[in-house]
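Summary of the model geometry
Here are the chains, one letter per residue:
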Protein chains: 2
Amino acid sequence: MADVVVLGGNGFIGAHVVDRLVVDGHRVAVFGRPRSAPPRYRSADVTVIEGDFANTADLRAAVRGAEIVIHLLSTTTPASAEADASVDVRTNVIQSIALLESCVEAAVGHVYFASTGGAIYGSQGRSSYAETDPTEPVSPYAIGKLAIEGYLRYFHAVAGLRSTALRISNPYGPGQQSHRRQGFIPIALRAILEGRPMTRYGDGSMVRDYLYVEDLADMFSVLVRRVPERFVYNLGSGLGVTVDEVIDALRRVCDMPFTVEDRPTPVTFVDRVVLDSTRFRSEFGDLELTALDEGIRRTLHAMRAEPRG
Amino acid sequence: MADVVVLGGNGFIGAHVVDRLVVDGHRVAVFGRPRSAPPRYRSADVTVIEGDFANTADLRAAVRGAEIVIHLLSTTTPASAEADASVDVRTNVIQSIALLESCVEAAVGHVYFASTGGAIYGSQGRSSYAETDPTEPVSPYAIGKLAIEGYLRYFHAVAGLRSTALRISNPYGPGQQSHRRQGFIPIALRAILEGRPMTRYGDGSMVRDYLYVEDLADMFSVLVRRVPERFVYNLGSGLGVTVDEVIDALRRVCDMPFTVEDRPTPVTFVDRVVLDSTRFRSEFGDLELTALDEGIRRTLHAMRAEPRG
């Protein structure tokens, strides 16, 4: 029986986390919808639990006997949630409550939840955001994530369920699907590889905190190995990078000409996201992070190897 | 046609707000379910809009033509929400989204939303909480209120809908129904009047910020008169009062013997709530607040006059 169940383990972040946890010696199971395509994680030693996040009975069966549950599933992306204001609440929030109730019933030891550092703080004009700063989410995606964080607190209070909320910045890297509307770097790389203009939102000054996905998987590795002391952690690089700086990096790495097409910034996008990651670093130590050029290089390399990667 | 529509205008807070706004010269309409009982507000000059909060078509009809919408409706209380973890999300949050969408369609000028100051900050061990402090709600009731605050921000960003979130502390006063599970003071007064022991949760040291409901109605009055500069305001007395201090006040005011029965504090109750109300006061000026003994006296008086008031 698996000791770690990863919901969404076949997603972009999930596949990297699953591979890392298998290397660490965990017995890992992945919960998700049946797929005809081969899995996105590489490890052969993974138990597959087919099921639908929308089906509470499936969730109940998935977490039975698990020591650790990692909840990476989202029915929406920051962009998709805009089209229907309540879809995050009706799907992600409601089913995350059902998942946490299932974890209580199954006496799961610890739940890790992938929240969002990229949108939960909103636009407060701070140079960076720490876990102790107020949250001012504007997008339904981030409002839903914040509500789920609240329910983690609730189920700890009423049922003793231990949990950790991880406010992840902007992960990027191999395996990020450029046909979804999430991930500036792979979307730009795909356009460049296909000879199309890449899209720049706004005037190029928008700042993001990019985290190479393998570095994020390393963070999950230590968080699962040692029980975290705090309830919430920012997981980011701590570095602010503008859109124009990413475009410069893309020019250096790709070494091929491309054009840039400007589009207005969607209104729920925040101007600046930089996560103060002092809390994680002071508890778990400094992890060596992959430099942006190197991360883009590896992403490009993977994309060339797998056209729809 | 009304210029102010109050959803939940026939509730405890609502009735006082409605009476105050009528005195101020507003044309007021009250939205709520059909009732056979006489209304709880006193003004005769109020338009009644019968409808169900769960029915989006009713909400759409209610806000049509309104300049100001005051949203005081809640399908739950802090206590009721505990029984079913997702009921707040399924009812209050989803229908508040529908309400805000209706306000956008109807080009409503300003929405005021009754959030909660008594539970939204959670148990952070601070002596008092300002609007700039982080929110750490534990109860589904407060998690839902925080999500609705997020949607106010969202509809402002995507549709320009102006709104204000009011984080109200612990209002008490005439008209608070002691058979609902909300309101320590009227519940205690009812027990005393009926010769039953009153219930004390915990060891008597739990601190609340009690606000006399007429003072709260005064705050609504100025908030509606002058467009607020900020998005969120704490509405409280700024004074922390322990349960034992309330019991002392009850002894002084009631002037009759009563016994106290101890019960354990529910796990989602926070230890201490005191709202720093500097933001409201510095923008709108100091309002003279009703002292606790005087507020309890008036509440008792009203309760004696109307047995189920």
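Residues numbered from 1 in each chain as written. Chains lettered and ligands numbered in written order. Predicted model: local features only at pLDDT ≥ 70, side-chain atom pairs only at ≥ 80, totals over all residues. Heavy atoms only, no water.

Quick look at the overall build of chain A
What counts here: What counts as a helix is a DSSP run of H or I of at least four residues, what counts as a strand is a run of E of at least two, and both are numbered from the N terminus. Both definitions apply: the radius of gyration is a C-alpha atom measure, and the globule rule equals 2.2 Å times residues to the power 0.38. Burial classes follow relative accessibility: with a 1.4 Å probe on protein chains only, a residue under 20% of its type's maximum area counts as buried, one over 50% as exposed, and anything between as partly exposed. Here, two residues are considered to be in contact whenever any of their heavy atoms come within 4.5 Å of each other. Areas reported here follow the Shrake-Rupley algorithm with a probe of radius 1.4 Å; residue values treat only the protein chains shown as occluding. Residues counted as positive are Lys and Arg, residues counted as negative are Asp and Glu, and His and the chain ends are not counted. Each charge is placed at NZ for Lys, CZ for Arg, CG for Asp and CD for Glu.
Scanning chain A from terminus to terminus reveals nine helices and 13 strands. Computed over C-alpha atoms, the radius of gyration of chain A comes to 19 Å, within 12% of the 19 Å expected from 2.2 N^0.38 for 309 residues, which places it in the range of a compact globule. For chain A, the C-alpha atoms occupy an extent of roughly 55 × 40 × 40 Å along the three principal directions. The burial tally for chain A puts 57% of its 309 residues in the buried class. Counting only contacts in chain A whose residues sit at least 6 apart along the sequence, the fraction spanning at least 24 positions is 79%. Of the accessible surface of chain A, which amounts to about 12,700 Å², a share of 49% is contributed by carbon and sulfur atoms. Seen as two clouds, the 33 positive and the 38 negative side-chain charges of chain A have centres 2 Å apart.

Observations concerning the sheet that holds strand 6 (residues 163-168) of chain A
Strands in a sheet are paired, the pairing made by backbone hydrogen bonds, and the direction either parallel or antiparallel. Residues and elements named next belong to chain A. Threshold: Strands were regarded as paired on the criterion that DSSP finds at least two bridges between them. A fitted line through C-alpha atoms serves as each axis, taken over the contacting stretch for helices, and the angle formed by two N-to-C directions is quoted from 0 to 180°.
Overall, parallel pairing links the seven strands, which are arranged 3-2-1-4-5-6-11 in an open sheet. Only two strands of the sheet have a single neighbouring strand rather than two, namely strand 3 (46-50) and strand 11 (232-235). Direction aside, neighbouring strands of the sheet carry axes that sit 20° apart on average. Helix 2 (residues 56-63) contacts strand 1 (4-7), strand 2 (28-32), strand 3 and strand 4 (68-71) of the sheet and is inclined by roughly 175° relative to strand 2. The sheet contacts of helix 4 (residues 140-159) involve strand 5 (110-116), strand 6 and strand 11, and relative to strand 5 the element is tilted by about 155°.

Details of the interface of chain A and chain B
Note the cut-off: In short, buried area is how much 1.4 Å probe accessible area vanishes from two parts on joining, totalled over both. Salt bridges are defined by distance alone: a side-chain nitrogen of Lys or Arg within 4 Å of a carboxyl oxygen of Asp or Glu. Any pair of N or O atoms that falls within 3.5 Å is considered a polar contact. Within protein, one atom must be able to donate a hydrogen and the other to accept it, and sequence-neighbouring residues count only if both atoms are side-chain atoms. Under the scheme applied, nonpolar residues are Ala, Val, Leu, Ile, Met, Phe, Trp, Tyr, Cys and Pro; charged residues are Asp, Glu, Lys and Arg; polar residues are all the others, including Gly.
The partner chain B presents 30 residues to the 30 residues of chain A that form the contact. Summed over both partners, the interface of chain A with chain B buries about 2,300 Å², with 71% contributed by carbon and sulfur atoms. Sorting the residues of chain A by area buried against chain B places Tyr-151, Arg-153 and Tyr-154 of chain A first, and these three jointly supply 23% of that buried surface. Run the count over chain A and chain B and you get zero salt bridges. Along the contact surface separating chain A from chain B lie four residue pairs in polar contact (both at pLDDT 80 or more). Sort the elements by how many residues they give to the side of chain A that touches chain B and helix 4 of chain A lands first, with 11 residues. Split into classes, the residues belonging to the side of chain A that touches chain B amount to 18 nonpolar, six polar and six charged.

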